[in-house]
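The primary structure of each chain is shown beneath.
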Amino acid sequence: MQDAITSVINSFDVQGKYLDGEAIDKLKGYFATGELRVRAASVISANAAAIVKEAVAKSLLYSDVTRPGGNMYTTRRYAACIRDLDYYLRYSTYAMLAGDPSILDERVLNGLKETYNSLGVPIGSTVQAIQAMKEVTAGLVGADAGQEMGVYFDYICSGLS
Ligand SMILES: CCC1=C(C)/C(=C/C2=NC(=C\c3[nH]c(/C=C4\NC(=O)[C@H](C)[C@H]4CC)c(C)c3CCC(=O)O)/C(CCC(=O)O)=C2C)NC1=O
């Protein structure tokens, strides 16, 4: 896993150079948003179950996926879906704190699309649910932190698509 600091430093280390102005600005931007990130992470942790629940209500409930024959039908599969959404929320929060998406590649997206395809988990509905989590989260943490979280929710959606 990388973060905003190690990714900048690594890219200069391989060239054997000191950071340039652009790199310094990138780090300044990251440090300046440190408190915002930590505060957002704390609000998200305290409300994680509610965020997932509201996102499901907005996007999946009473749709084809929850009806007989749908991929979320049966309590086992419903629970698996809720658990997956909680993974996406938790790992997006980690990535937002780190300011870097690499943890999503390593821990979440690696092999996920293949798993979903082999189990018939609909990617389109999953993306809708992640987009609903993005809206619900932004409503809770505010526009700036919401936008930053949105980067990582969107990253998961593009990784699945
Ligand atoms: C931390 C990284 C990580 C991820 C991301 C992960 C995902 C993941 N989701 C799975 C299943 C599943 N995922 C879903 C999800 C859904 N079905 C729908 O219709 C909805 C649209 C959607 C929820 C948004 C369902 C229903 C299953 C069970 C499918 C089945 O067994 O038939 C499985 C197969 C194994 C299992 O059932 O546990 C994996 C590996 N596991 C991990 O360790």
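Each chain has its residues counted from 1, following the order in which its sequence is written. Given that the model is predicted, a residue must reach a pLDDT of at least 70 before its local features are reported, and side-chain atom pairs must reach 80 or more before they are shown or counted; all residues, however, enter totals for whole chains, interfaces and linings. Processing note: side-chain calculations cover all non-hydrogen atoms of the structure and skip hydrogens and water entirely.

(A) Representation of the UniProt feature "binding site: (2R,3E)-phycocyanobilin" (unreviewed entry) in the chain within the structure. The UniProt record marks N71, R76 and C81 with the feature "binding site: (2R,3E)-phycocyanobilin" (unreviewed entry), using the residue numbering of this structure. Turning to its location among the elements, R76 is positioned in helix α4 (residues 75–98). Under the relative-accessibility criterion, R76 is labelled exposed at 61%. Apart from the residues lying within four places of it in its own chain, the contact partners of C81 are L60 and M72. UniProt positions are given in the numbering used here, feature names are shortened, and annotations may be inferred rather than shown by experiment. A run of DSSP states H or I qualifies as a helix once it reaches four residues; a run of E qualifies as a strand once it reaches two. Both are numbered from the N-terminal end. Exposure is judged per residue with a 1.4 Å probe applied to protein chains only, and the accessible area is read against the type maximum: over 50% gives exposed, under 20% gives buried, and values in between give partly exposed. Throughout, a contact is declared for two residues whenever any of their heavy atoms are within 4.5 Å.

(B) Region of interest: the environment of D100. Counting through the fold element by element, D100 comes out in the loop between α4 and α5 (102–109). The exposure class of D100 is buried, given its relative accessible area of 10%. For the pair formed by D100 and A4, sequence separation is 96 residues and the distance between their alpha carbons is 5.6 Å. As used in this structure description, the phrase polar contact means that two N or O atoms lie within 3.5 Å; if the pair is within protein, one of them must be able to donate a hydrogen and the other to accept it, and residues adjacent in sequence are counted only when both atoms belong to side chains. A distance of 2.8 Å separates the side chain of D100 from the backbone nitrogen of S102, its partner in a polar contact.

(C) Structural view of the site of the ligand. Note on terminology: near, applied to a residue and a molecule or strand, indicates that one of the residue's heavy atoms is within 4 Å of it. As a matter of local geometry, the ligand sits amid 22 residues, with N71, R76, C81, R83 and D84 nearest to it. Here N71 contributes a side-chain N or O atom positioned 2.8 Å from a nitrogen atom of the ligand. Taking R76, its side chain carries an N or O atom lying 3.1 Å from an oxygen atom of the ligand. With 10 residues, the top contributor of residues to the shell around the ligand is α4. Following the grouping adopted for this structure description, the nonpolar residues are Ala, Val, Leu, Ile, Met, Phe, Trp, Tyr, Cys and Pro, the charged ones are Asp, Glu, Lys and Arg, and the polar ones are all others, Gly among them. Classifying every residue of the shell around the ligand gives 13 nonpolar, 4 polar and 5 charged.

(D) Spatial organisation of the state of the cysteines. Note that a disulfide, as used here, is simply two cysteine sulfur atoms within 2.5 Å. Enumeration according to the criterion identifies 0 disulfides in this entry. Free cysteine: C157, not disulfide-bonded; nearest cysteine sulfur from C81 at 13 Å. Its relative accessible area of 5% is what places C157 among the buried residues.

(E) The side chain of D100, seen in detail. In this tally, Asp and Glu contribute negative charge and Lys and Arg positive charge; neither His nor the terminal groups of the chain are included. Salt bridges are defined as contacts in which a side-chain nitrogen from Lys or Arg sits within 4 Å of a carboxyl oxygen from Asp or Glu. Of the buried charged residues, D100 lacks a salt bridge, with K26 as the closest side chain of opposite charge at 6.9 Å. With residues near it in sequence (within four places) discarded, D100 still touches Q2, D3, A4, S7, A95 and Y152.

(F) Examining the packing of aromatic side chains more closely. Any Phe, Tyr or Trp ring, taking Trp's six-membered ring, that has another such ring centre within 6.5 Å forms a pair; planes under 30 degrees apart are called stacked, those over 60 apart edge-to-face, and the others tilted. Using the criterion set out here, one finds 2 aromatic pairs in the structure. Taking 6.0 Å as the distance between ring centres and 50° as the angle between the ring planes, the aromatic pair formed by Y30 and F31 counts as tilted. The class for Y30 is buried, based on a relative accessible area of 15%. Consider the rings of Y91 and Y94, whose centres lie 5.3 Å apart with planes at 90°: the pair is edge-to-face. Taken together, the residues Y91 and Y94, both in helix α4 and 3 residues apart, mark about one turn of the helix. Residue class for Y94 comes out partly exposed when judged on its relative accessible area of 34%.

(G) Highlighting the environment of G120. Note on placement: G120 falls in the loop between α6 (112–119) and α7 (123–141). The exposure class of G120 is partly exposed, given its relative accessible area of 45%. Measuring from C-alpha to C-alpha, the distance between G120 and S7 comes to 36 Å, with 113 residues separating the pair along the chain.

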